[in-house]
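# Overview (structure and organization)
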Amino acid sequence: MEVTAVATQGRYGSPDWVSSYMLLFSDTGRVWKQYRQEDSIGTFVGNVNSDSVVHHKLQQSIRTRFLRFVPLKWNPSGWVGLRVEVYGCAYRSYVADFDGRSSLLYRFSQKSMSTVKDVISLRFKSWQAEGVLLHGEGQRGDYITLELHRGRLSLHLNLDDTRIRSSSGRMVVTLGSLLDDQHWHSVLIERFNKQVNFTLDRHTQHFRAKGDGDSLEVDYELSFGGIPLPGKPGTFLRKNFHGCMENLYYNGVNIIDLAKRRKPQIYSVGNVTFSCSEPQLVAITFQSSIGSFLSLPALEPTLEGFSVRFQFRTWNPDGLLLSSNLAWKPHRLVLQISSGRLRLTHQTSPLKTSEVSTGQRVNDGLWHSVSLRSRGLQIILTLDNEPASTIQLEDRLQSRDNLFFGGCPSSQNSSSCVNPTVAFQGCMRLILINNQPMNLMLVQQGILGSYSQLQFDICGIQDRCLPKFCEHGGRCSQTWNSFYCDCSGTGYSGATCHNSVFETSCEAHRLLGSSSGFYSIDPDGSGPLGPVQVYCNMTEQKVWTVISHNNTNPVRVQGSTLEKPYIMHFNYSASPEQLHTLLSDSEHCEQEVTYQCRKSRLFNTWDGIPLSWWVDRSGERRTYWGGFLPGVQQCSCSLEENCIDMNFFCNCDADRDQWVNDTGLLSYKDHLPVSDIIIGDTYRPGSKAVYNVGPLRCYGDTSLWNAASFYEESSYLHFPTFQAQFSFDISFYFKTSSPTGVFLENLGAQDFIRVELSSPLAVTFSFDVGNGVVPLVVKSPVPLNDRQWHWVRAERNVKEASLQVDQLPLRFLETPLDGHLRLQLNSQLFIGGTASRQRGFLGCIRALNMNGVNYDLEERAKVTPGVSADCPGHCSNSAGLCHNRGKCIEKSSGYVCDCTHSAYGGPSCKEEVSVSFERGSSVTYIFQEPFSVVQNRSAQDSSVSSEYSKSREDVAFSFLTTQSPAMLLTVNTFSQQYVAVILAHNGSLQIWYRFHKERTPNVFSPGRESLADGQLHRVRIHREGKDVYVQVDKENQKYALSYDTELHSLRSLTLGKFTGKDILDEEVALAGSRGFIGCFSSVQYNHVAPLKVALLNRGSSLVSIRGHLLESNCGALADLTASNSHTDRAEETGKDHTNHNDNDDPQSDSAVIGGVVTAVVFIILCVLAVMIHFLYQHRRARRTASIKEKEHRHNLEAAYRAELHLHNSMRDGMKEYYI
């Protein structure tokens, strides 16, 4: 029957009831399977008394003949008492059994069958991990194949494309895993034209089929259960299906019913029967990696000798499979899984062993067959179909004691059985000892052998990588109890690869102190869009983001007409979705279009019909050539009223026989960028055109300063329900003077999320996904209601939850094993308050981002009483008051910039902090344990790996030297790890990572050219797990470490000479002994600025200074020299500003050369004048700034020294104050 619900009740009039139970089902009363609810919850809540009825509606109905209720907990004051009721309905079944050598052929009434719509449904259960369920193909290249491969279901589909024959070009969609579990699985394939829905059990994959046509054309027949070889009945191209199919329908035709009634459309190959045979394969599950074991007696060996055979499946890379003491002490035989390989060890004495290994990744979740047998003086080990491995013996093999499978009893003494690593967690079946099969049901009944922590007649293996919890292309690996995501190479980090390692905008890079250059930014952060490489132009007052395309050079056009126009399509370095997000989040965007013409019009002068136009990002034709007002067929000269002929709206429309120019800036964001340009008037004699479409340029990050002020406790902003079932992150800034208040809240029927200021010293992130309320609290040593901006980031995924506030230590907890995973919310999202209008927030919230989506607080605040857009105060706008990680602090009569965590100084954190090093000089910064870590540490925290925070580094510095080799920077730990940045003998930069004393270090060389050239060079290094991103001046490189390891227990950071004993590499040791002679500027390691600490805290125990250091201004002088050679890189990207020097060009060669020479002379004179003036002003400015800096240092001295002790507790790579 089809079971839809169950209900339970205790024993009548007694204290006996079951409080939780497990539900198993089976077709035969053997080979049971556990029913799991949504989120893989395997237990049902039972009763709390003997009278009430607890009803459970099954989320997915079960089609079964047998149900088993397994009590897990019951009333401690009584016994197990249970009354049950099962709800369901009758179920009709048409079954066919395939023995692995048979199939059914459904033959068409015509030569071929062509369909634009197909519906195929069936249920199957398989005894093997391989086998074809369905196949059909046509002569023109169409095919459809449904097959099991390695326990997964694959659908191959192609429509009318004979070119797709190689395996790399085929369309393959795969669902599920572990489908050889001898239980029923439902399949549904729905196709309309190229759109396909492929469903397995509860999971559906939507995809678009490959091919040129919309119909599927199959010749002659469809085969079920195998692919017969044409002309040779009974032979097959691939492995046949071995198992049962039920209710097999093809476009409404009941295939099994036709076969059962022996209709002529069905041809049977081999032995197909119409009842499902049930092989008696009793499996057992070893549940614990510590206490599970199975002990079986060692039977008398046969004439053939000692032998053991069995099958196993597991996800764990290590575990004991078999241990046996042999007749001669201390001889022992041990078979185990070690690092995913099968290893057999024969121990003859404590110091003498023989071993062999075989197989690769036997922990892949599939069934593997193992055979261990003796023959003469040999032990032979065979795994699956691989070649046998042998160990030579001194005497014949004979077992002395019981055989232990899976593990050893905890009470067993060390001489009898010892787990070499951990016990086996997985499933076993078909155990034979000396060719005699072991009846495992007798073991369960206590008649044969002994056991501990086993489940009988069930294999409890789960695929924890399905559904896919690893985001953004992260690779999933798993063990029996958990899964792990490898995020290397994805650009994302975290337990599920949820968090982007890149900044969201060029504005964010500027606030981190970065200079102009190419950067990867992720406009939607943790959202589905990936990173994109852009050029960040930070040489102006505004920060421009530049996105290039495939054709930024000037292009000459001739011979085009309206009937056969010239068309150019532009491919940008970002996808349309990325461009849309970047445009939406930018304050202003523009794109320059230049059209130089000679007798080439843009509009027909008689009727105004466009002769040339461009296409916007939506594919719409646009005919305006400048400005931000769409729909106006004009060029920039008309808008500015300076056309050469005021009778026309464009210079080119004057149709003159000389070169003229129409250049305009397109700035209407909804139409940008330009995707195509079409030119249709260059066909007349002498008609020519040269066009140039520049890159897309944007500035301003609207989300960063999107703020709302809440001035009534009952006020709030509301948004649609936050949809984030398995993972989400929330980040925002707040400032307030109120002691408490709810920042945001979203409720469900039982689930909820809430972030609040729970006290003046604490922020709380609480949620419930069905496992009970989980509160995460970060406590601050200083009040958070100080009317200053504070940053909050909360994250929850299926692995863990975390909360970060400012630079305080990250607080996170792991999620419970086998708990509820899905967050189900159904009410509105409330910002600044709650649905009950109580405990509302008073203050400002800005830059609210949830799962990569920026919330427009200002727009919603304009129509909400009690809330106003924007936030008052000097530090509440994007004017860039404080730079380079500086924090803006409100004062009663102004503001002050806190440069504590910046490598720069001065009133605005813009002045370079530079120090000149002489021979033998060094600065060593000593890391220490911060006091605040203790406040946020818990028992749960102590059990959690810290790689989340320490497998990440951010290093930035500038240097100037003529010495090589030279030691620039060294970071070392108490565990003999180090990171070193050196100049090699040839002056090239080298970055050394040594994480293990025994392993070869990773060495990266970003360039071969010498940096010991007396010029200032800027270096930035960012590591995220295995990925290392290096920027030297304007050049960017990405490297990969051979392994991902955290830096344990940071000890010190040294600039200059270093002679520590931990340096094991000769080249690094030589550079360390030579030290550094030159100038360092603006050095930053994560949130530590060692040069500033050395200058501000001479004599401090945190800083050790050797040799003579002299405060310098090399960074500022180098910036001055560089600024005179800088041009607007945004405008240069891809542009060619050379003149077209043919006979028709408006300028001659001599005029161009003369103009260039004059311009160069003029520029040189101007540069000299500017440098002289700047040096004079710079000297005066330093005197004035030094006075301000002394006052500024005095004001912040106490705060700086207090926060200095917090630095090492900060989560490495945490985003800083975006102010």
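Position numbers for residues start from 1 in each chain and track the written sequence from start to end. Since the coordinates come from a predicted model, pLDDT governs what is reported: local features require at least 70, and pairs of side-chain atoms require 80 or more to be given and counted, while whole-chain, interface and lining totals use all residues. Side-chain measures were taken over the full set of non-hydrogen atoms in the model, leaving aside hydrogen atoms and water.

- Under an unreviewed UniProt entry, the name given to the protein is Contactin-associated protein-like 5, and the source organism is Chanos chanos.
- According to UniProt, the comment filed for the protein under the heading Subcellular location (unreviewed entry) is "Membrane".
- UniProt positions are given in the numbering used here, feature names are shortened, and annotations may be inferred rather than shown by experiment. What UniProt records for the protein under Sequence similarities (unreviewed entry) is the sentence "Belongs to the neurexin family."

## Looking at the packing of aromatic side chains
- Two rings from Phe, Tyr or Trp (for Trp, the six-membered ring) form a pair when their centres sit within 6.5 Å of each other. Planes less than 30 degrees apart are called stacked, planes more than 60 degrees apart edge-to-face, and all others tilted. In this structure the tally under the stated criterion is 41 aromatic pairs.
- Aromatic side chains Tyr106 and Phe108 sit 5.8 Å apart centroid to centroid with 90° between the ring planes, which places their arrangement in the edge-to-face category. The residues Tyr106 and Phe108 share a single accessibility class, namely buried.
- Linked through ring pairs, Phe286, Phe310, Phe312, Phe405 and Phe424 together constitute an aromatic cluster.
- Note that Lys799 overlies the ring of Tyr484, its terminal NZ or CZ placed 4.5 Å from the centroid. We call a residue buried when its accessible area falls under 20% of the maximum for its residue type, exposed when it is over 50%, and partly exposed in between, using a 1.4 Å probe and counting protein chains only. Lysine and arginine charges are scored as sitting over a ring when NZ or CZ, respectively, is within 6 Å of the ring centre and within 35 degrees of the ring normal.

## Focus on the pattern of salt bridges
- For this document, the term salt bridge refers to a Lys or Arg side-chain nitrogen within 4 Å of an Asp or Glu carboxyl oxygen. If you walk through the whole model with that rule in mind, you get 34 salt bridges.
- Of the charged contacts, one joins Glu355 and Arg343 as a salt bridge, the two residues approaching to 4.0 Å between their closest N and O atoms. Placement of Glu355 in strand S32 (residues 352-358) and of Arg343 in strand S31 (residues 341-349) is noted, with a sequence separation of twelve residues between them.
- For Arg343, a relative accessible area of 24% translates into the label partly exposed.
- Measuring nitrogen to oxygen at the nearest pair gives 2.9 Å for the salt bridge that ties Arg622 to Asp616. A run of H or I in DSSP counts as a helix once it spans at least four residues, and a run of E counts as a strand once it spans at least two, with each numbered from the N terminus.

## Concerning the side chain of Ser687
- Within the secondary structure, Ser687 is located in the loop between strand S54 (676-679) and strand S55 (688-693).
- Contacts described as polar in this section are N or O atom pairs within 3.5 Å, which, within protein, must combine one atom able to donate a hydrogen with one able to accept it, while residues neighboring in sequence count only if both atoms come from side chains. A polar side-chain atom of Ser687 sits 2.7 Å from the main-chain carbonyl oxygen of Lys599.
- Residues are treated as being in contact if the distance between any of their heavy atoms lies within 4.5 Å. Apart from residues lying up to four places away in sequence, Ser687 is in contact with Gln558, Arg598, Lys599, Ser600, Asp681 and Thr682.

## So, the confidence of the model for the protein
- One confidence number per residue, pLDDT, is output by the predictor and ranges from 0 to 100. In the predicted model, the protein carries a mean pLDDT of 83, and 86% of its residues have values of at least 70.
- Here residues 1122-1153 is a poorly scored stretch, pLDDT under 50, and it has 52 contacts once near neighbours within four places are set aside; other chains count.
- Scored below 50 in pLDDT, residues 1178-1219 shows 99 contacts in the model against residues more than four places distant or in partner chains.

## Observations concerning the nonpolar core
- With 46 residues, the main nonpolar core has Phe957 and Phe1080 as its most contacted residues.
- In terms of residue count, strand S78 (residues 966-973) provides more of this core than any other element does, four residues in total. By convention a nonpolar core is built from buried Ala, Val, Leu, Ile, Met, Phe, Trp, Tyr and Cys residues, the set being connected through side-chain atoms within 4.5 Å.

## Brief notes about the UniProt feature "domain: EGF-like" (unreviewed entry) in the protein
- The feature "domain: EGF-like" (unreviewed entry), as annotated in UniProt, sits at residues 461-498 and 872-910 in this numbering.
- Here residues 461-498 runs as 0% helix and 26% strand, with 27 Å between its end C-alpha atoms.

## Examining the state of the cysteines
- Working definition: a disulfide is two cysteine sulfur atoms within 2.5 Å of each other. Counting across every chain of the model gives 13 disulfides.
- One disulfide bridge connects Cys637 with Cys643, the sulfur atoms lying 2.0 Å from each other. Because the sign of the S-S torsion sets the handedness, a value of about 80° for the bond joining Cys637 and Cys643 places this disulfide among the right-handed ones.
- Among the residues examined, Cys637 registers a relative accessible area of 6% and is labelled buried.

## Notes on the sheet that holds strand S1 (residues 2-9)
- Sheet architecture is open: three strands sit in the order S5-S1-S7, paired in antiparallel fashion. Two strands in the sheet have a free side with no partner beyond their single neighbour: strand S5 (54-63) and strand S7 (83-89). Strand-to-strand twist in this sheet, taken as the mean axis angle between neighbours without regard to direction, amounts to 20°.
- For two strands to be treated as a pair, DSSP must find no fewer than two bridges joining them. Two elements, S1 and S5, share six bridges in a ladder whose sense is antiparallel. Only the contacting stretch of a helix is used when fitting its axis, a line to C-alpha atoms as for every element, and angles between N-to-C directions run 0 to 180 degrees.

## Thoughts on the pairing of strand S62 (residues 762-768)
- Among the seven residues of S62, seven are classified as buried, and the element is accordingly described as predominantly covered.
- Along S62, one buried face is formed by Ala762, Thr764, Ser766 and Asp768 and the opposite face, lined by Val763, Phe765 and Phe767, is buried too.
- Where strand S61 (residues 752-759) and S62 come together, seven bridges link them in antiparallel fashion. Within S62, the residue paired with Leu757 across the bridge is Val763.
- Linking S61 back to S62 in an antiparallel pair, the connection comprises two residues.

## Digging into empty space enclosed by the protein
- Cavity: a set of points on a 1 Å grid over the protein atoms alone where a 1.4 Å probe fits but cannot get out. Pocket: an open set with protein on both sides within 12 Å along at least five of seven lines, its lining residues, like those of a cavity, having an atom within 4 Å of a point. Grid points are joined across faces, edges and corners, and a volume is the space filled by probe spheres set on the points. The full count for this structure, using the stated rule, is seven cavities of 30 Å³ or more.
- Along its surface, the second largest cavity is lined by Asp118, Ile120, Ile144, Leu155, Leu157, Ile189, Arg191, Val196, Leu216, Val218, Leu222 and Tyr250.
- Of the residues forming the lining of the second largest cavity, the biggest block, three residues, is contributed by strand S19 (residues 216-224).
- Charged means Asp, Glu, Lys or Arg here, nonpolar means Ala, Val, Leu, Ile, Met, Phe, Trp, Tyr, Cys or Pro, and polar covers whatever is left, Gly included. Partitioning the lining of the second largest cavity into residue classes produces ten nonpolar, no polar and two charged.

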